[in-house]
Amino acid sequence: QVEKVLQMSMFDRQKTLMKLHNVDVNDLVAGVMSTFKLKVEKYGGVIAADLEAEDAIVSVDEMHFTNVIFNLLDNAVKYRREEEPLSLFIRTRTVGDKVEISIRDNGIGIKREDLKKIFDKFYRVSTGNRHDVKGFGLGLAYVHKIITDLKGDIRVESEINQGSTFIITLPLIKNK
C-alpha cells in the first residue's frame, strides 16, 4: 500500500511514463473480461459485454489502460450489494471520432454528494458497515490520471442501491 502512495506522489510531479501503442479497445476489454470472469463468478455474478465499437483503435499504454479497466471492475466487485447477485456489463461504441467504454454494475451506488469527489486522491466514499473494503482512495485517482494523460475523459453516473456506470471516452486513431 505504501508503494501505491509513493507511486501516486510520483504521478503528481510528472506526466506518467507511457509506452503508447495502437490497440483495439474491444480486444483489450475482452482480454480483461476473460481474466476477471472467475472473480465475478466466485461471487455468483455475471459479466457480459456488447463490444459494438467499430475500428476501435486507440493509442494507449496497454499496461496502464488494462489496469484502468481492471480497477473499475474490481471496484464493482468490492462495492456489490450482498443481497443481489453481481451483474457487470461492459459496452464499447463509436461516438464521432471517439470510442466510449462504459462499465455498468448493480452495486451499492454512490451518493450524489460523493460523485464530484470520487476521482480525488485519498477520497473514500463512506461505506457504513463495510469493513471488508480496504484501500487508500487511490484507485479512481489513478484511473482519472491515466485517462486524462491519454487525452480522454471519464465520468460516472450512479444511483444509490441501483449501481454505477463509469463512462470513458478516448480519441480514436484514424487509419488513413
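In case you missed it, the structure is sitting above this.
Residues numbered from 1 in each chain as written. Predicted model: local features only at pLDDT ≥ 70, side-chain atom pairs only at ≥ 80, totals over all residues. Heavy atoms only, no water.

Engineer: An account of the pairing of strand S4 (residues 87-95) is requested, with residue identities and associated values reported.
Structural biologist: Across six bridges, the pairing between strand S2 (residues 46-51) and S4 is parallel. Each residue of the ladder has a partner; that of Leu 51, found in S4, is Thr 92. Note: S4 against strand S5 (residues 98-105), eight bridges, orientation antiparallel. Paired with Arg 93 across the strands is Glu 100, a residue of S5. Count of turn residues in the S4/S5 antiparallel hairpin: two residues, of which Gly 96 carries a positive phi of about 65°. (Pairing = 2+ DSSP bridges. Helix = DSSP H or I, 4+ residues; strand = E, 2+ residues; numbered from the N terminus.)

Engineer: How would you summarise the pattern of salt bridges if you had to cite specific residues and measurements?
Structural biologist: When the charged atoms of two side chains lie near each other, side chains of opposite charge can form a pair. In total, this model carries six salt bridges according to the counting rule given. The shortest N-O distance in the salt bridge between Asp 149 and Lys 145 comes to 3.3 Å. Placement of the pair is Asp 149 and Lys 145 together in helix H5 (residues 139-149), with a separation of four residues, close to one helical turn. Under the relative-accessibility criterion, Asp 149 is labelled buried at 15%. (Salt bridge = Lys/Arg side-chain N within 4 Å of Asp/Glu carboxyl O. Buried < 20%, exposed > 50% of the residue type's maximum accessible area, 1.4 Å probe, protein only.)

Engineer: Could you give an account of the sheet that holds S5, with specific residues and numbers?
Structural biologist: Two pairing modes exist for strands in a sheet, parallel and antiparallel, and in both the strands are linked by backbone hydrogen bonds. Within the open sheet, the five strands sit side by side as S2-S4-S5-S7-S6. Their pairing is mixed. Edge strands, defined here as strands with exactly one partner in the open sheet, are S2 and strand S6 (153-159). Here the average twist between neighbouring strands, direction ignored, is 15°. Where helix H2 (residues 25-42) meets the sheet, its contacts fall on S2, S4 and S5, and the angle it forms with S2 comes to roughly 170°. Contacts from helix H3 (residues 62-78) reach S2, S4, S5, S6 and strand S7 (163-171) within the one sheet, and its direction differs from that of S5 by about 25°. (Axes fitted to C-alpha atoms, helices over the stretch in contact; angles between N-to-C directions. Contact = heavy atoms within 4.5 Å.)

Engineer: Would you mind going over the side chain of Asp 74 in detail, with residue names and values included?
Structural biologist: Position of Asp 74 among the secondary structure elements: in helix H3. Overall, the relative accessible area of 17% leaves Asp 74 in the buried class. Excluding residues that lie within four positions of it along the chain, Asp 74 makes contacts with Phe 36 and Lys 39.

Engineer: Explain the packing of aromatic side chains residue by residue, including any values.
Structural biologist: Evaluated as defined, the whole model comprises one aromatic pair. Measuring from ring centre to ring centre gives 4.9 Å for Phe 36 and Phe 70, while their planes differ by 85°; the resulting arrangement is edge-to-face. Taken together, the residues span a long stretch of sequence, with Phe 36 in helix H2 and Phe 70 in helix H3 at a distance of 34 residues. Here Phe 36 falls in the buried class, since its relative accessible area comes to 1%. (Phe/Tyr/Trp six-rings, centres within 6.5 Å; stacked < 30°, edge-to-face > 60°.)

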